[in-house]
Amino acid sequence: MNIAQLLIRAARTFPEQPAVSRGERVWATYAQLMKRSAGLAAAFRNQLGLVPGERVAMLMTNCPEYLEVRYAVWLAGLVAVPMNAKLHVREFAYMLSDSGAKLCFATPDLAGTVAPLADAVPGLERVVEVGSEEYRALQNVAGAFEMHPAAPDDVAWLFYTSGTTGKPKGVMISHRNLLCAALAYFSDVDRIDATDSIVHAAPMSHGSGLYDLPHMLKAANQVIPESGHFNQDEVLSLCSKWQGVTMFLAPTMVQRLVARVRQSGADFSGLKTIVYGGGPMYVADIREALQVMGPRFVQIYGQGEAPMTITALSRERINDTGHPRYLERLASVGIAQSCVEVIVADEHDRPLPANEVGEVLVRGDVVMQGYWNNPQASAATLRNGWLHTGDVGSFDADGFLTLRDRSKDLIISGGSNIYPREVEEALLYHPAVAEASVVGRAHAEWGEEVVAFVVRRPAARVTEAELEAVCLERIARFKRPRRYLFVDTLPKNNYGKVLKTELRKRLAAENASPDSEA
Ligand code: AMP
């Protein structure tokens, strides 16, 4: 089934229902969204001569047109290539060239950057600025149009990985993968009613954009903040305007929102659910979030190769404070979602017993088809029928998965494994610590030593000795940081993930004395 069928279905049954809103105003009903997408899809076929399977790149910050372009691409049987708007122009050029996209849509803020690539990237025929006259003309191309009947394994979405270890790879996500992930939302994450809304505050090129699908399935309203970005005050005001609001937020965004609510006491009565994931949420942070914003949280764990759909920690578990292992559960990423098998395995892909640490492997209908034009990487990652996530973790006896760190972030000091997350959790217990990120630095004697980058809360003071004390209360002595660097911010990517490679580079580059400030 073509995933665009979700739009056709919603438009038929709920034509007058708000489909997309910009800020506080309805921008298109389902009937209007259908008409706009069908217009573009007809132009792809009838005017631009694109044939099913060809790629259309989307270099777009969040905007209402995001949805109409993507559904148009799917209606015409084409492949959407969403690009992270914060990347470098060289990375755009790489993705455009690797995907072989003939057409690229760009929002006005990015069109100037990408337009020159139409000459530089072979095969790229056209860059169209969203909302321009050219765009509107495409939308009004006349001609018969029928949805392309995609096969389940046809690629619908080519998602480029962040490429921290080499060139980004295009993850091929099929129509079946998308449908399966959408259905899993209802069994594992939350319920949605037609009167509900999703506020797309995080980038739609990533997880938030995927949560379009379950909302489309229920003909809910998709709200795009006017700024196109995550802004705490804007998001909070949207949560008082709209009802039954869901947001997908990276943990750092949750932290910022919580801090804002604490400070301003803003009304967010329309907020139903915050789904968090995409990076580690520390126990101290989620506890504070629950205290300030109430029982509104659900956690998911996924990756581009199995988007949003590996495990989930449900609202019920997150609020089950009386459970004897409540804190361990809160530190976990929950249990396998209903449409996948998840194991923790040794280096021969054999399942390990509970409490043993190994690589997280996944199999099921949400797992990608492979990497675009990269059979070697596909074979290495999809070995023995399992997706090798590169994440390291362990299950407890009840099936709750706790992630340690990505294998490349593991610190090996004096032959012992140290999982940075455990050290970060310990540091965050100190009330003066707003954020902490722990990395390894080459050390002549120990192989690596533990270094902590610490962001203090505004006006808060804390000494290294106090941080050492908080660590020694909670973790083994050999795991404590040997060096602390106090910084104003941590380097993060557009999705809010801390860029540990940057921190490691920084350590390699500098030769400061152990007690200097960074
Ligand atoms: P990406 O493919 O960019 O979405 O990155 C996926 C990676 O983010 C995963 O492989 C994990 O390492 C990490 N990740 C995703 N969700 C979580 C979560 N809930 N807790 C901790 N790490 C996560």
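Computed from a predicted structure; not experimentally measured.

Draft legend 1. Fine view of the environment of Leu 7. Structurally, Leu 7 can be placed in helix α1 (residues 5-13). With 133 residues separating them in the primary sequence, Leu 7 and Asn 140 have C-alpha atoms 19 Å apart.

Draft legend 2. Local environment of the sheet that holds strand β25 (residues 483-486). Taken in spatial order, the three strands of this open sheet run β23-β24-β25, and their pairing is mixed. Edge positions in the sheet fall to β23 (433-443) and β25, since each of these pairs with one other strand and no more. On average, each strand axis in the sheet is inclined to that of its neighbour by 25°, with strand direction left out of account. Bridge count for strand β24 (residues 447-456) against β25 is four bridges, and the pairing is parallel. The residue bridging Phe 453 from the neighbouring strand is Leu 485, located in β25. Relative to the sheet, helix α17 (residues 420-427) contacts β23, β24 and β25, its axis offset from that of β23 by approximately 140°. Those strands touched by helix α19 (residues 500-509) are β23, β24 and β25, and its axis lies near 55° from that of β23.

Draft legend 3. Here's a closer look at unusual backbone geometry. With a phi angle near 65°, Asp 349 is a residue other than glycine that sits in the positive phi range. Tracing the sequence through the fold places Asp 349 in the loop between β16 (340-345) and β17 (358-364). The buried category is assigned to Asp 349, whose relative accessible area is 11%. We note that Asn 384 has phi near 50°; this positive angle belongs to a residue other than glycine. Tracing the chain through its elements places Asn 384 in the loop between α16 (375-381) and β19 (387-395).

Conventions we followed
- Residues numbered from 1 in each chain as written.
- Predicted model: local features only at pLDDT ≥ 70, side-chain atom pairs only at ≥ 80, totals over all residues.
- Heavy atoms only, no water.
- Helix = DSSP H or I, 4+ residues; strand = E, 2+ residues; numbered from the N terminus.
- Pairing = 2+ DSSP bridges.
- Axes fitted to C-alpha atoms, helices over the stretch in contact; angles between N-to-C directions.
- Contact = heavy atoms within 4.5 Å.
- Buried < 20%, exposed > 50% of the residue type's maximum accessible area, 1.4 Å probe, protein only.

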